[in-house]
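Residue-level listing of the chains:
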Amino acid sequence: MDKLMNLKLKVWRQDDADDVGRFEEYQADDISPDMSFLEMLDVVNEGLIGSGKEPIAFDSDCREGICGSCSMVINGTAHGGQKGTTACQLHMRHFSDGMTITIEPWRATAFPVHRDLVVDRTAFDRIQQKGGFISVRTGSVPDANAIPVSKDESDLAMDAAQCIGCGACVAACKNASAMLFVAAKISHLSLVPQGQPERERRALAMVKQMDDEGFGNCTVTGSCEAVCPKEISLDFIARMNREYGRALIKKGTI
Amino acid sequence: MNLDAKIPSGPMAQKWDKHRFDLKLVNPANKRKYEVIVVGSGLAGASAAATLAELGYNVKCFCFQDSPRRAHSIAAQGGINAAKNYQNDGDSVHRLFYDTVKGGDYRSREANVHRLAQVSVNIIDQCAAQGVPFAREYGGLLANRSFGGAQVSRTFYARGQTGQQLLLGAYSSLSRQIGLGKVQMFPRTEMLDVVLVDGHAKGIVVRDMVSGEISRHSAHAVVLATGGYGNAFFLSTNAMGCNVTATFRAYKRGAAFANPCYTQIHPTCIPVSGDHQSKLTLMSESLRNDGRVWVPKSQSVAEKIRKGELKASDVAEGDRDYYLERKYPSFGNLVPRDVASRNTKEACDDGRGVVGSGLGVYLDFEDAIKRLGESAVRERYGNLFDMYEKITGSNAYQNPMTIFPAVHYTMGGLWVDYNLMSNVPGLYVVGEANFSDHGANRLGASALMQGLADGYFVLPYTIGQYLAGVAPDDRTDTNSAEFVGTEETVRAQIDKLLSVKGKRTPTSFHRELGQIIWDECGMARNKTGLEAAIKKIPELRAEFWENLNVPGENGSLNQSLEQAGRVADFLEFGELMCRDALQREESCGGHFREEHQTPEGEAKRDDKNFSFVGAWEYKGENQTPELHKENLVYEEVKMTQRSYK
Ligand SMILES: Cc1cc2nc3c(=O)[nH]c(=O)nc-3n(C[C@H](O)[C@H](O)[C@H](O)COP(=O)(O)OP(=O)(O)OC[C@H]3O[C@@H](n4cnc5c(N)ncnc54)[C@H](O)[C@@H]3O)c2cc1C
Ligand code: FES
């Protein structure tokens, strides 16, 4: 059995959106290196409830890096800084005995805090609702093999489509920009032939909604790509900018 | 209780077409006057909500996650079946139908399964049109793989993230309808009860999980798409929030719960590493295409491995027992899930497990790497190997993986007729939440197929039959006695949970319950154990209501309170699972009764006495529920003993 660890946690606690919030300190003792980071928080929470306190609220569901629920900044880095890893997949073997760990929510104007580490990310959904789709009705479609798709393009589309919508890109960006998220969706749909008819509408509508939600601008620092648990490439932002420019020209806006 | 399955007459292959013609239609101009509630935004719920809205109905859709895109369907890895026969390897609707009925060990309803196989082809068309980036061949056409023991290549996939891509496709259609104002979406909202008026489902009561506000919603029909109840076991491959609350509370209002004992234990999951474990991780079944399952032949070698004195590579080829290949020469490592899981349990019970706890076996890629090269293995399974390493810290290219079975899927669910309506008029149930298509065992890549079949292609038609008989103005005011009364029940339950103020956390009760169900109603069951569980669970439930500790209050985001509500339902439901397992004096699919096995240790069905759906009726608190039977008649497929030898 690997050695158990004792850790000090500094956790952001905030009762609701109106509360100013504060850091509180907790002790996390007897932590096994085999635990995931969230299991470590579970242990701390069991202790808190046991001593009559309210547990630390945080989002999680799948706990295997695919649903995009978990969302916390660990020691200053969204998801804790292991390459291609969500907080729920991060394991305690990457920490060492005696360490102090700081845990904060995603911080961005467009992601108000509900409580503690739980934030409101519905802005992402609203961006999707403006154009993150191909307008086909159920049943009104051709045979799946009627439209061949080149394997390379399909693979590239999949690279973008892997985005789990967690919002780490926003949390990591000093401008709280959502460009990587939006770029992933626009790129995915513009890369497949089925997505062509709505290409321009989609790019314009999604970018507009992104701006309206209060996300900042991209200054290409690359911090989003660095923390993205699905390693979505910055190249997609360049692609989105091309899509957007192309749409403006086609629509005669410039 | 009336369990009329309403199976259409006529030859099997024509039933669905005939039925679609016979179904009543709602006048297109009238559809906008109807409101439908869809609870759940997974594959089944999102596809249903989007399609109903496209047809013109007004839809309210609810989910407990912060976004519909995060429903548990997102986690499905392996793929989705469809009888496209794109590989020209002899697949057909009939073959998929046949395989599914056989795979379900002759405990599913034939007509439903046939329809599922029929519409499977439409699903792939639909998803491709939504831009789902399925795997492709160089010629640009769709690629397939063979999955879960199927002898044809009919599984479509998107890397190891098929569920994610299918769900994002359904979510995109749903998002479009939300944008158009046809669907009103309620994320972070938990359904806590269904409202019945004159025996018909007319709405639901929900809790806003951020503010704690309780509200009532009325509609002309209610659709539950709330997923499976695998988390009754506490540890499972399901997401943390998966629960039985919606379906169980509907059961308490009169909906029959069918086959609750049918659960699927998936053979290839990462073994439990300690008491802190919060959930288990599935390693995709596709790994069994190239990985070989083994344990040492001798118990003493296994013990040395457990103590860390020997490694897998120290065990000579001749000292290894590739037990699936040995016992099932024609299917080998690709036997169905229930068979693989049970044999793994046997090997570990025999003292030949290879992880510290004794509960784990090897899944070895050494031969595949020799045969295909490491890069080909990486190409096929790279993301799975990475995931494995993240969790265990071990590199599976160098050392074999260790795996153990884990609860994965629940075949049981609310009883529905051919139209997917429960015995409560106006209450429909789709996806994993219903019971109908997988019998006693589900084949790999069939749940995604069923969820989308139900949501895109079945429910949107069949619900019209019911709505055509309901006048648009026949919608109950949410201030009616029924709505107000149901809300009071919900509030009373919440107050009760908060007022116990005992010592134990909801998790501690959940963990203890899960252990009881896993031990007595897991991979192998017997009369003594089940009877013991039926005694223990009510005791635990009694303690829960005396010693539960839920801090905080209702009026804010309170995750302990959410969890406590779900655990309360599992504590009642777990008992129902055991009762169902006890009554089913046979072995079939995932339900293995130790008393009923062949001399070789295989599941022994009793078709004469048990070819029925066991549907339970709630009879009141602490009352024994009543079992009703829907007899299963096989017109098309001849019932045989499954053999994978
Ligand atoms: C790890 C894993 C891998 C899998 N891989 C495959 C595979 O490769 N192929 C395959 O065919 N199947 C696979 N399955 C099975 C398959 O993913 C599921 O059976 C299927 O996705 C279930 O879909 P669903 O829409 O019925 O429910 P879910 O996706 O579980 O959705 C349930 C919805 O209901 C909502 N909900 C639940 N309760 C409430 C409530 N009380 N109030 C409000 N909302 C509620 C949730 O928010 C959610 O939106 C896998 C399952 C797991 C666990
Ligand atoms: S909990 Fe799903 S990605 Fe972390």
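Residues numbered from 1 in each chain as written. Chains lettered and ligands numbered in written order. Predicted model: local features only at pLDDT ≥ 70, side-chain atom pairs only at ≥ 80, totals over all residues. Heavy atoms only, no water.

## Overview of the overall build of chain A
Let me state the cut-off plainly: Numbered from the N terminus, helices here are DSSP runs of H or I no shorter than four residues, and strands are runs of E no shorter than two. Think of it in three bands: residues with accessible area under 20% of the maximum for their type are buried, residues over 50% are exposed, and the middle band is partly exposed, with areas taken using a 1.4 Å probe on protein chains only. We call two residues contacting when some pair of their heavy atoms lies within 4.5 Å. Computed with a 1.4 Å probe, the accessible areas rest on the Shrake-Rupley method; for each residue, only the protein chains presented here act as cover. Under this rule, positive means Lys or Arg and negative means Asp or Glu; His and the chain ends count for nothing. Think of each charge as sitting on NZ of Lys, CZ of Arg, CG of Asp or CD of Glu.
Looking only at helices and strands, chain A has 8 helices and 7 strands in total. With respect to the principal axes defined by its C-alpha atoms, chain A has extents near 60 × 40 × 35 Å. Counting only residues that meet the buried cut, chain A has 60% of its 254 residues in that class. Within chain A, contacts between residues separated by at least 24 positions form 70% of all contacts whose residues are at least 6 apart in sequence. On chain A, roughly 9900 Å² of surface is accessible, and the fraction owed to carbon and sulfur atoms is 48%. A gap of 7 Å separates the mean positions of the 28 positive and 36 negative side-chain charges of chain A.

## Re the site of ligand 1
Residue and element names in this part refer to chain B. Note the following rule: Whether a residue is near a molecule or strand depends on its heavy atoms: it is near if one of them lies within 4 Å of it. Between N or O atoms, a polar contact is any pair within 3.5 Å; within protein, one atom must be a potential hydrogen donor and the other a potential acceptor, and residues adjacent in sequence are included only when both atoms are from side chains. Think of it as three bins: nonpolar holds Ala, Val, Leu, Ile, Met, Phe, Trp, Tyr, Cys and Pro, charged holds Asp, Glu, Lys and Arg, and polar takes everything else, Gly as well.
Residues in close proximity to ligand 1 total 38 residues, the closest being Gln65, Ser73, Met191, Glu432 and Leu448. Within the contact set of ligand 1, an oxygen atom lies 2.5 Å away from a side-chain nitrogen or oxygen of Ser73. For ligand 1, a nitrogen atom lies 2.9 Å from a polar atom in the backbone of Gly79. Taken together, the elements giving at least two residues each to the shell around ligand 1 come down to α2 (43-55), β6 (189-197), β15 (401-410) and α12 (447-467). The leading source of residues in the shell around ligand 1 is β6, at 3 residues. Residue composition of the shell around ligand 1, by class: 17 nonpolar, 18 polar and 3 charged.

## Observations concerning the side chain of A:Gln129
Inspection of the secondary structure puts A:Gln129 in helix α2 (residues 122-131). Of the residues examined, A:Gln129 reaches a relative accessible area of 19% and is grouped as buried.

## Brief notes about the sheet that holds strand β4 (residues 77-78) of chain A
All names here are of chain A. Operational definition: Any two strands with at least two DSSP-identified bridges between them are counted as paired. Axis definition: a line fitted to C-alpha atoms, limited for helices to the stretch in contact. Angles are taken between N-to-C directions and run from 0 to 180 degrees.
Taken together, 5 strands build an open sheet; the order of strands is β2-β1-β5-β3-β4 and the sheet is mixed. What marks the edges here is a single partner per strand, and that holds for β2 (22-31) and β4. Where strand β3 (residues 73-74) lies against strand β5 (residues 100-104), 2 bridges are found, and the strand directions are antiparallel. Bridging across to β5, Val73 finds its partner in Glu104. Packed onto the sheet, helix α1 (residues 37-50) meets β1 (5-13), β2, β3 and β5 and runs at close to 100 degrees relative to β2.

## Side note on unusual backbone geometry
All names here are of chain B. One non-glycine residue, Arg159, lies in the positive phi region at around 45 degrees. Relative to the assigned elements, Arg159 resides in the loop between β4 (155-156) and α5 (162-179). The class of Arg159 is partly exposed, set by a relative accessible area of 32%.

## Here's the deal with the pattern of salt bridges
Keep this limit in mind: Salt bridges are counted wherever a side-chain nitrogen of Lys or Arg sits within 4 Å of a carboxyl oxygen of Asp or Glu.
On inspection of all chains with the given rule, the structure shows 74 salt bridges over all chains. Of the charged contacts in the structure, one is a salt bridge between A:Asp155 and A:Lys151, with a shortest N-O distance of 3.0 Å. Remark: A:Lys151 and A:Asp155 occur in helix α3 (residues 151-161); sequence separation between them is 4 residues, near one turn of the helix. B:Arg504 is the partner of B:Glu512 in a salt bridge, and the nearest nitrogen-oxygen pair spans 2.8 Å. One connected set of salt bridges, linked through shared partners, spans B:Asp105, B:Arg107, B:Arg584, B:Glu586, B:Arg605 and B:Asp607.

## Side note on the sheet that holds strand β8 (residues 214-218) of chain B
Residue and element names in this part refer to chain B. Ordered by their spatial adjacency, 3 strands build an open sheet running β6-β7-β8, and the pairing between neighbours is antiparallel. Each edge of the sheet is formed by a strand with only one pairing partner; in this case those strands are β6 and β8. For this sheet, the mean inter-axis angle between neighbouring strands, taken without regard to orientation, is 25 degrees. When β6 meets strand β7 (residues 200-208), the two strands line up antiparallel, connected through 8 bridges.

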